[in-house]
Amino acid sequence: MAARKAKPAHITLQRRAVVKRILKHRGDALVVSGIGNASQDCAAAGDDPNNFYLFGIMGGAAMVGLGMALAQPKRRVVVITGDGELLAGIGSLATIGVQAPKNLAIVVIDNQAYGATGMQDTHTGHGVDLAAIALGSGFANAATVYTAPELEAAMDPILEDRGPFLAVVKVHAKAVRRVKVPNDGPYMRSRFRRALLGDAADD
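Below or above, wherever it landed, is the structure these notes cover. (Residues numbered from 1 in each chain as written. Predicted model: local features only at pLDDT ≥ 70, side-chain atom pairs only at ≥ 80, totals over all residues. Heavy atoms only, no water.)

A few words now on the packing of aromatic side chains. Applying the stated rule across the entire model yields 1 aromatic pair. The interplanar angle of 70° and the centroid separation of 5.2 Å between the aromatic rings of phenylalanine 52 and phenylalanine 192 together place this pair among those described as edge-to-face. Of this pair, phenylalanine 52 sits in strand β2 (residues 51-53) while phenylalanine 192 sits in helix α9 (residues 185-197), and the two are 140 residues apart along the sequence. We classify phenylalanine 52 as buried; its relative accessible area is 19%. (Phe/Tyr/Trp six-rings, centres within 6.5 Å; stacked < 30°, edge-to-face > 60°. Helix = DSSP H or I, 4+ residues; strand = E, 2+ residues; numbered from the N terminus. Buried < 20%, exposed > 50% of the residue type's maximum accessible area, 1.4 Å probe, protein only.)

Let's shift gears to the pattern of salt bridges. Tallied over the entire structure, the rule returns 7 salt bridges. Residue arginine 16 is joined to aspartate 41 by a salt bridge in which the shortest nitrogen-to-oxygen separation is 2.8 Å. With a gap of 25 residues between them, arginine 16 in helix α1 (residues 15-24) and aspartate 41 in helix α2 (residues 37-44) connect regions that are remote in the sequence. Each member of the pair arginine 16 and aspartate 41 is classed as buried. Notably, a salt bridge pairs arginine 194 with aspartate 199, separated by 3.8 Å at the nearest N-O pair. With relative accessibility at 39%, the residue arginine 194 sits in the partly exposed group. Overlapping salt bridges, with partners in common, bring together Arg15, Arg16 and Asp41 in one network. (Salt bridge = Lys/Arg side-chain N within 4 Å of Asp/Glu carboxyl O.)

Okay, here's the thing in structure tokens:
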């Protein structure tokens, strides 16, 4: 018997507003965004040289974030991705749990749908609990967020507290306006490297 899809009636958060709130006080945090809507959301909140937008690497955002967190232990690293993207690389949570980077937070913008391919249901709408998987994988903390007050309570764990931390933020599955996102791989690499290393990027 198939599991029933969770009713979205109690979901009130809007994805663009959520990402804008998270990035408002990011400081010098490095941000990795998953493919599709997550990169659109980050760019809509304000393009930044410390944003690393991913394209064509479904399921890889968390692992790219892990690599950055290990390479730059003094910088906060925030991964912003979607439920479908993380599900495609769900094993990454186990690797992150074992590595236990204190400076890494993962935010899953969970609309319970594959927004880029036709709004097909993802497993999170049928009972799969990503926060529970993270905790079972050894994350220091994890939470599922449904409301604005819960989002506010998650700000310190996302941006400051000892990690790894995973926040699953439930949002409406409504289409949003597309924005222009830098999508040239070599350009993104070079821009991000210079923002991170300054003049040393040329060495």
